[in-house]
Amino acid sequence: AERRELLSAGDVARTVARMAHQVIEKTALDAANRASVVLLGIPSRGAPLAVRLAEKIAEFSDVTVPVGALDITLYRDDLRRKPARPLEHTQLPECGVDDRLIVLVDDVLFSGRTVRAALDALRDHGRPRAVQLAVLVDRGHRELPIRADYVGKNVPTARSEDISVHLSEVDGHDGVFLSQG
Ligand code: 5GP
Ligand code: MG
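Caption draft 1: Molecular detail of the site of ligand 1. The environment of ligand 1 is formed by 13 residues, the closest being Asp106, Asp107, Ser111, Thr114 and Ile163. One nitrogen or oxygen atom from the side chain of Ser111 is found 2.5 Å from an oxygen atom belonging to ligand 1. Contacts to ligand 1 include Thr114, whose side-chain N or O atom sits 2.6 Å from an oxygen atom. Here ligand 1 loses 87% of its free accessible area of 490 Å² to cover by the protein chains. Listed by contribution, the elements that provide at least two residues to the shell around ligand 1 are strand S4 (101-109), helix H3 (113-123) and strand S7 (161-166). Ranked by residue count, the leading element in the shell around ligand 1 is S4, at three residues.

Caption draft 2: Inspection of the pairing of strand S8 (residues 175-180) at higher detail. Of all six residues that make up S8, five are buried, and the element is covered over most of its length. Pairing analysis gives four bridges linking strand S1 (residues 3-7) to S8, with the strands arranged antiparallel. Bridge assignment links Glu5 to a residue of S8, and that residue is Phe177. Relative to S8, S7 is paired through six bridges, and the arrangement is antiparallel.

Scoring rules and cut-offs
Residues numbered from 1 in each chain as written. Chains lettered and ligands numbered in written order. Predicted model: local features only at pLDDT ≥ 70, side-chain atom pairs only at ≥ 80, totals over all residues. Heavy atoms only, no water. Near = heavy atom within 4 Å. Polar contact = N/O pair within 3.5 Å; in protein donor to acceptor, adjacent residues only side chain to side chain. Areas by Shrake-Rupley, 256 points an atom, 1.4 Å probe, with all protein chains shown as cover. Helix = DSSP H or I, 4+ residues; strand = E, 2+ residues; numbered from the N terminus. Buried < 20%, exposed > 50% of the residue type's maximum accessible area, 1.4 Å probe, protein only. Pairing = 2+ DSSP bridges.

Quick look at the structure:
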């Protein structure tokens, strides 16, 4: 099958760094409101991405933002794309989500149903002040009124195409590819 590189390993690193700068700017993240922002990655690949974003944010702003993972498997309203992984568990930072500015982090945004499920999952854990969304790739084809606040790369795709996101934490190397489904 045809496979085209969209982001090299270096591109992935630069993209995450840019997104970290954008989070710092858009959330006005500084020492004064350091208690406000929490990053929550959506497993599987959103979780390591959230950790990387937090590392870059710490590097650029000297603010350590709490980071965790939000498992949305039980909240899916469609099982078209069955998770090929065991149920992972939500790991919220000790501070919880109440009154926080939550930044959800995922690898690919497609229909928007995962994000909708994440909002349902969040509601069971508390009441954030606001929720934002960061994705490495927006591939279009939204089926819900959902958009990302931070986008690493917009990739117009055909429905039949598939984006492969490789992250070293999970896959041993970094890179994003577009392949025919
Ligand atoms: P959605 O729920 O928006 O339809 O799809 C987003 C979720 O499914 C994300 O968690 C993402 O990991 C996964 N996903 C959807 N489409 C793709 C794709 O083309 N490639 C990859 N790697 N993941 C996808
Ligand atoms: Mg996913």
